[in-house]
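The residues making up each chain are set out below.
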Amino acid sequence: MADVEEPEKKRRKIEELTEKMAVDGEHMGSGDWDGRWNHVKKFLERPGPFTHPDFEPSTESLGFLLETCKILVIGAGGLGCELLKNLALSGLRHIHVIDMDTIDISNLNRQFLFRPKDVGRPKADVAADFVNNRIPGCQVVPHFKKIQDFDESFYRQFHIIVCGLDSVIARRWMNGMLISLLSYEDGVLDPSSIIPLIDGGTEGFKGNARVILPGMTACIDCTLELYPPQINFPMCTIASMPRLPEHCIEYVRMLQWPKDTPFGDGVCLDGDNPEHIQWVFQRAQERAANYNITGVTYRLTQGVVKRIIPAVASTNAVIAAACSTEVFKIASSAYIPLNNYLVFNDVDGLYTYTFEAERKENCSACSQVPQDLQFPPSAKLQEVLKYLTENASLQMKSPAITATLEGKNKTLYLQTIASIEERTRPNLCKTLKELGLSDGQELAVADVTTPQTVLFKLKLTS
Amino acid sequence: MAATKASKEQKYDRQLRLWGDHGQEALENAHVCLINASASGTEILKNLVLPGIGAFTIVDGHKVSGEDVGNNFFLSNNSIGRNRAQAATELLQELNSDVSGNFVEESPDKLLDNDPEFFHRFSLVIGVQLPEGTCLRLGSVLWNANVPFLVCRTYGLTGYMRLVVKEHTVVESHPDNALEDLRLDQPFAELKSHIQSYDLEGMEKKDHIHTPWIIIVAKYLEKWFSDHNFQLPKNYKEKEAFRQLIRQGILTKENGTPEDEENFEEAIKNVNTALNPTKISSIVEDIFNEEQCNDITAQTPAFWVLARAVREFVQNEGGGNLPLRGSIPDMIADSEKFINLQNVYREKAMQDASVVSKHVESLLQSVGKTSESISEQDIKLFCKNAAFLRVVRCRSLAEEYGAETVNKDEITSSMDGADGEMVLYLMLRSVDRFYQQHSRYPGVYDYQVEEDISRLKLCVHSLLQEYGLNVNVKDDYIHEFCRYGAAEPHTVASFVGGSAAQEVIKIITRQFVPFNNTFIYNAMSQTSATFQL
């Protein structure tokens, strides 16, 4: 636990220094030097023709950024490292960063807060240390945790949240969390309960940045169709009709490995273990040779097993920069923020496209409109599950369904806990009528894609 | 040594999947020069050092100021007063030990006065936050020396990039949505006979449902041709009829309902694109008609020798077509049928490439060079990418700035919207004028902002008048650019840093296509535009 204490100690020390060095008039924080914030001040202290209607130039604004504004950065990877740097150099000092990963050598081509000696250490910790050392006065607080390890009380303390995630599920969870923080009085949204969410994503030479005002503008789930589900190869192709080197690799990963258990019983294939990849590579080559398929390489093998997405420093820099500019605009009220989606692609020249993503009227996350489930009473529970996972607007991963029957809360099916899965599995083959569900019944569905259960209204069709 | 190579493969893995080992090699053999280690400059370099550029040299005569440290991740406050090139080199070097970092404590103007050939050694020069005079001087030297020049600046919420390169050829442009090269409208002999080996009507069910859609379309096209005077289905109606024809070929079950034949569904879906006539794009035709393609000499770069060789192929053995690309998309089929079909395409592609190779050889011989000067690998790569060749030519800065050669049309037509990015370009040109007149930028100090508005307005008007530009620049922009006070906010500098670095990588690796030639980023609206000035 020593690693966790160190940043705490440093932070408290910096706070003491700050108090001692406060000077009237000028905002000299810990170790501030002459001219330090000149570039930033011009946007805070001068009026202009394009500023936000609410903007008031003031010498106090810098103080708000430096002392009060609290930002949460989610992810300390390709986007996260850039975001921390950008925010720190824009006058923001109170920054928390969450990342559940440790540093891998393949991160080093773009995650510039890490060095070869840091491989294996938690990203959040190393990133925070680096920024705090390089930018005097900056107080990044790291959390080597999953976003799901925190609850509303944690998230509520931030003025703005910026995401640099590599998972749609995590984005949706964060999205759902901020929506759950919204408070409505007599059906009217209380603006002070809104925490803006800036979200960035990159893949190779493509990227996007968006501004989400939960409850007001399009949320992640409103535009779920922009994230089409990953297509996997059909099983019959993998099992008996391979044509591409990728098919051969998937065969070894999905069928041969569980059968041969080459590194022991119950030892799962670890994409980060070179020995595992080597084993898969060799056997994939053998299979490919049997079918006269060329092209199986070590690099391809690793790419398929780990579902690797190519990445470079430049795209991450661009998208994080756009996101950080939006954070600054919102934190300072200096300009009207992006409304609300930016797409970037620099394969052929540089291309950007900016548009307003629209809210979905019946969005399952933010519309407060109860979701309908329409099924005949003879439909099996399995079909309901299939709908929840395959419907383009829902795209749930492993939904758990509960219903109130005879005054008691009954779990109809839950996949993620083995013992409960086994117990409720027979329900999948039962019809909705057999399960005792009636028309108008409320079903509560929990899933990794949302921190709150989603309520559905069951409509039994004839 | 082996350990370093392996760890480099691991470190660069994510980018090797984009530009390959040969792209990485080109990057590691490059040496770029950055002029001015302001935030925009160091951000650009950061994005070149991380992926492993061979070497960089920073040229900067400035001393580090408190303001510099405030927006720059690669300057620390204990370097205040030291030379900026040196200070930045230390912290940039620290990012990647594979890279060699150098610095020259000198202003570019001095170097241009005393030793302009200093710049000839670089793969590319990046000029950041350069005053107009220096920029034009440097532009002229680099243009004559054929060294690519990338001008970048961050000015308030505006990002700007200008690429200056005489001619940049690209073989591997990696287009996002390339059409396949299937030749279904004019199957080559080997493909024809392969198609003939299939008997759709006579084959067993298990073969029927695993026949590649390419074969299916080809077979039905033969039927269509005999009924339609050898004309391809052209419009929607005919394509729809053709799709129906294929649908009729789906086997039926005993009860009369159609079998589940995914391969036939694939065939139907692909009718739209698979029947497009094979033809050479206008971009590639233009390349074939270029002067360099016509006049092959001993100095002709490999790209043009190869282009000429392919042109010879097209006009002779190719019968009007490029060498076959040789790849086919994945499709529902059993392994054997797919691999056999794939091999038909692959072998024909190899054949075409070796014919092109003969043309290359005779062209090289005709100018007294050996066939070793262009490798087989390069010939194969060229043939595979023949449909995607690109050439980028940028006008010089002298042409952009010259009163006689300014691109009035581009500027005037882009000012139509009046709130687009072109007005930002005109403002940048105007603040440069202001700098020339007053030796400072407008609005740097608070008290100057108001007074400088009218001064800057004069600069705008003199600019428009000098170039005869009949456009209106709104007062709001003049006010805004005084407000900026030549600030270089870090987030905008970082956007420029990412954008510029990738353009540099494109030039060095000769992969993907660089912009031509002026890119403006508006951080206020998060929009951008590219102009050819």
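Residues numbered from 1 in each chain as written. Chains lettered and ligands numbered in written order. Predicted model: local features only at pLDDT ≥ 70, side-chain atom pairs only at ≥ 80, totals over all residues. Heavy atoms only, no water.

What counts here: UniProt positions are given in the numbering used here, feature names are shortened, and annotations may be inferred rather than shown by experiment.
Looking at an unreviewed UniProt entry, one finds chain B named NEDD8-activating enzyme E1 regulatory subunit, with Esox lucius as its source organism. In its Pathway (unreviewed entry) section, the UniProt entry covering chain B states "Protein modification; protein neddylation." Taken directly from UniProt, the Sequence similarities (unreviewed entry) text for chain B runs: "Belongs to the ubiquitin-activating E1 family. ULA1 subfamily."

## Thoughts on the nonpolar core
In plain terms, the rule: We call a set of buried residues a nonpolar core when its members are Ala, Val, Leu, Ile, Met, Phe, Trp, Tyr or Cys and they connect through side-chain atoms within 4.5 Å of each other. Only protein chains enter the calculation, and the probe is 1.4 Å; a residue is then buried if its accessible area is under 20% of its type maximum, exposed if over 50%, and partly exposed in between. Counting from the N terminus, the helices are DSSP H or I runs at least four residues long and the strands are E runs at least two residues long. Should any heavy atoms of two residues lie within 4.5 Å, those residues are counted as being in contact.
A:Leu113, B:Leu48, B:Phe119, B:Val125, B:Phe149 and B:Leu426 are the most contacted members of the largest nonpolar core, which totals 171 residues. The element that contributes the greatest number of residues to this core is helix H12 (residues 313–332) of chain A, accounting for ten residues. Those residues in contact with B:Leu426 that sit more than four places away from it in its chain are B:Ile411, B:Met415, B:Leu463, B:Leu464, B:Leu469, B:Val471 and B:Val473. Within the second largest apolar cluster, 55 residues are counted, among which are A:Ile238, B:Phe188, B:Leu221 and B:Ala267.

## Looking at the packing of helix H20 (residues 422–438) of chain B against helix H21 (residues 448–467) of chain B
Residues and elements named next belong to chain B. Applicable threshold: For helices, the fitted axis covers only the stretch in contact; all axes are lines through C-alpha atoms, and the angles between them, taken along N-to-C directions, range from 0 to 180 degrees. Orientation is classified from the angle alone, with under 35 degrees giving roughly parallel, over 145 giving roughly antiparallel, 65 to 115 giving roughly perpendicular, and any other angle giving oblique. Here a crossing is taken to be left-handed if its near helix is turned anticlockwise relative to the far helix by less than a right angle, and right-handed if that turn runs clockwise.
Packing of H20 against H21 brings their axes to within 8 Å, and their N-to-C directions diverge by 110°. Between H20 and H21, the angle falls in the class roughly perpendicular. When you trace H20 past H21, the crossing you get is right-handed. Together, Leu426, Met427, Arg429, Ser430, Val431, Arg433, Phe434, Gln437 and His438 of H20 and Asp452, Arg455, Leu456, Cys459, Val460, Ser462, Leu463, Leu464, Glu466 and Tyr467 of H21 make up the contact between the two elements.

## Focus on the state of the cysteines
Residues and elements named next belong to chain A. Heads up, the rule is: Criterion for a disulfide: a pair of cysteine sulfur atoms at a distance within 2.5 Å.
The full count for this structure, using the stated rule, is zero disulfides over all chains. Between Cys163, a free cysteine, and Cys323, which holds the nearest cysteine sulfur, the sulfur-to-sulfur gap is 9.1 Å. Cys163 gets classed as buried once you look at its relative accessible area, which sits at 1%. Free of any disulfide, Cys248 has its nearest neighbouring cysteine sulfur in Cys236, separated by 15 Å.

## Let's talk about the domain arrangement of chain B
Inclusion rule: Domain delimitation follows an automatic or database domain assignment.
On domain assignment, one finds that chain B holds domain 1 (1–168 + 488–531), domain 2 (189–275), domain 3 (282–392) and domain 4 (397–484). Here domain 2 of chain B and domain 4 of chain B have C-alpha centroids that lie 62 Å from each other.

## Quick notes on the packing of aromatic side chains
Our working definition: A pair of aromatic rings is counted whenever rings of Phe, Tyr or Trp (Trp by its six-membered ring) have centres within 6.5 Å, and the orientation is called stacked for planes under 30 degrees apart, edge-to-face for over 60 and tilted otherwise.
The tally for this structure, following the rule as stated, stands at 32 aromatic pairs over all chains. Centroid distance A:Phe112 to B:Phe73: 5.6 Å. Interplanar angle 85°. Geometry classified as edge-to-face. Taken as a pair, A:Phe112 in the loop between strand S2 (94–98) and helix H5 (123–134) and B:Phe73 in the loop between helix H4 (66–71) and helix H5 (84–93) lie in two separate chains rather than in one. The burial state of A:Phe112 is the same as that of B:Phe73; both residues are buried. For the pair B:Tyr445 and B:Tyr447, a centre-to-centre distance of 6.3 Å together with 10° between the ring planes defines the contact as stacked. When sorted by exposure, B:Tyr445 lands in the same class as B:Tyr447, which is exposed.

## Here's the deal with the interface of chain B and chain A
As a reminder of what qualifies: Here's the idea: put two parts together, see how much 1.4 Å probe accessible area each one loses, and the total over both is what we call buried area. A pairing counts as a salt bridge when a side-chain nitrogen of Lys or Arg comes within 4 Å of a carboxyl oxygen of Asp or Glu.
Contacts between the two partners involve 87 residues from chain B and, on the opposite side, 77 residues from chain A. Between chain B and chain A, a total of about 7,000 Å² is buried, with carbon and sulfur atoms accounting for 57% of that surface. Summed over the three residues of chain B that lose the most area to chain A, namely B:Arg14, B:Phe73 and B:Arg483, the buried surface amounts to 14% of that side. Our enumeration of links across chain B and chain A arrives at ten salt bridges.

## Describing the side chain of A:Arg171
All names here are of chain A. Summarising the element assignment, Arg171 is placed in helix H7 (residues 168–180). What makes Arg171 buried here is its relative accessible area of 7%. Once residues lying within four places of it in the same chain are set aside, the contact partners of Arg171 are Leu165, Asp166, Asp199, Gly200, Gly201, Ile220 and Tyr227.

## Observations regarding the pattern of salt bridges
Residues and elements named next belong to chain B. Counted according to the given criterion, the structure contains 56 salt bridges over all chains. For the salt bridge of Asp60 with Arg84, the shortest nitrogen-to-oxygen distance reads 2.6 Å. Taken together, the residues Asp60 in the loop between strand S2 (55–59) and H4 and Arg84 in helix H5 connect sequence positions 24 residues apart. With relative accessibility at 6%, the residue Arg84 sits in the buried group. Residue Arg393 is joined to Glu290 by a salt bridge in which the shortest nitrogen-to-oxygen separation is 3.0 Å. Highlighted residues: Arg393 in the loop between strand S8 (390–392) and helix H18 (397–401) and Glu290 in the loop between helix H13 (282–288) and helix H14 (291–294), separated in sequence by 103 residues. Take Arg393: its relative accessible area is 32%, and that puts it in the partly exposed class.

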